[in-house]
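Inside the fold
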Amino acid sequence: MIAVSNLGMQFGKRVLFQDVNLKFTQGNCYGIIGANGAGKSTFLKLIMCEETPNEGDIIVNGTH
């Protein structure tokens, strides 16, 4: 399971996303869609702990 709580990310004045809350559960397939520059790759990097969010929490299998 991956849970995202109040996640926010911005670069300078550019806000990619804010107040994101969702849960990915085992056994389901998910897709992330959006325009170029919308933050899709950044969101995945946050989940993989390659980047640090400006705000919020990401929990992967019970670990922050």
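Anything mentioned here points back to the structure above.
Right, let's walk through the structure included here. Keep in mind the model is a prediction, meaning the values are calculated, not measured.

What follows is about the overall build of the protein. The number of helices and strands found in the protein is one helix and three strands. Overall, the protein shows an N-to-C arrangement of helices and strands of β-β-α-β. The principal-axis extents of the C-alpha atoms in the protein amount to approximately 35 × 25 × 20 Å. Within the protein, buried positions represent 23% of all 64 residues. Taking contacts inside the protein between residues at least 6 apart in sequence as the whole, the part at least 24 apart equals 44%. Put simply, the protein shows about 4,700 Å² of open surface, and 51% of that area lies on carbon and sulfur atoms. Placing the 5 positive and 5 negative side-chain charges of the protein at their respective mean positions leaves the two points 9 Å apart.

Within a pair of aromatic rings, the relevant descriptors are the distance that separates the centres and the angle that separates the planes. Considering all chains together, one arrives at three aromatic pairs under this definition. Centroid distance F17 to F43: 6.0 Å. Interplanar angle 80 degrees. Geometry classified as edge-to-face. In this pair, F17 sits in strand β2 (residues 14–24) while F43 sits in helix α1 (residues 40–47), placing the two residues 26 residues apart along the sequence. Relative accessible area serves as the criterion here: at 9%, F43 is assigned to the buried category. Pairing F24 with Y30 gives two aromatic rings, centres 4.7 Å apart and planes at 75 degrees, and the pair type is edge-to-face. According to the relative accessible area criterion, Y30 is partly exposed, its value standing at 44%. Taken together, the ring pairs in this structure connect F17, F24, Y30 and F43 into an aromatic cluster.

Cut-offs and rules
- Residues numbered from 1 in each chain as written.
- Predicted model: local features only at pLDDT ≥ 70, side-chain atom pairs only at ≥ 80, totals over all residues.
- Heavy atoms only, no water.
- Helix = DSSP H or I, 4+ residues; strand = E, 2+ residues; numbered from the N terminus.
- Buried < 20%, exposed > 50% of the residue type's maximum accessible area, 1.4 Å probe, protein only.
- Contact = heavy atoms within 4.5 Å.
- Areas by Shrake-Rupley, 256 points an atom, 1.4 Å probe, with all protein chains shown as cover.
- Lys, Arg positive; Asp, Glu negative; His and termini not counted.
- Charge placed at Lys NZ, Arg CZ, Asp CG, Glu CD.
- Phe/Tyr/Trp six-rings, centres within 6.5 Å; stacked < 30°, edge-to-face > 60°.

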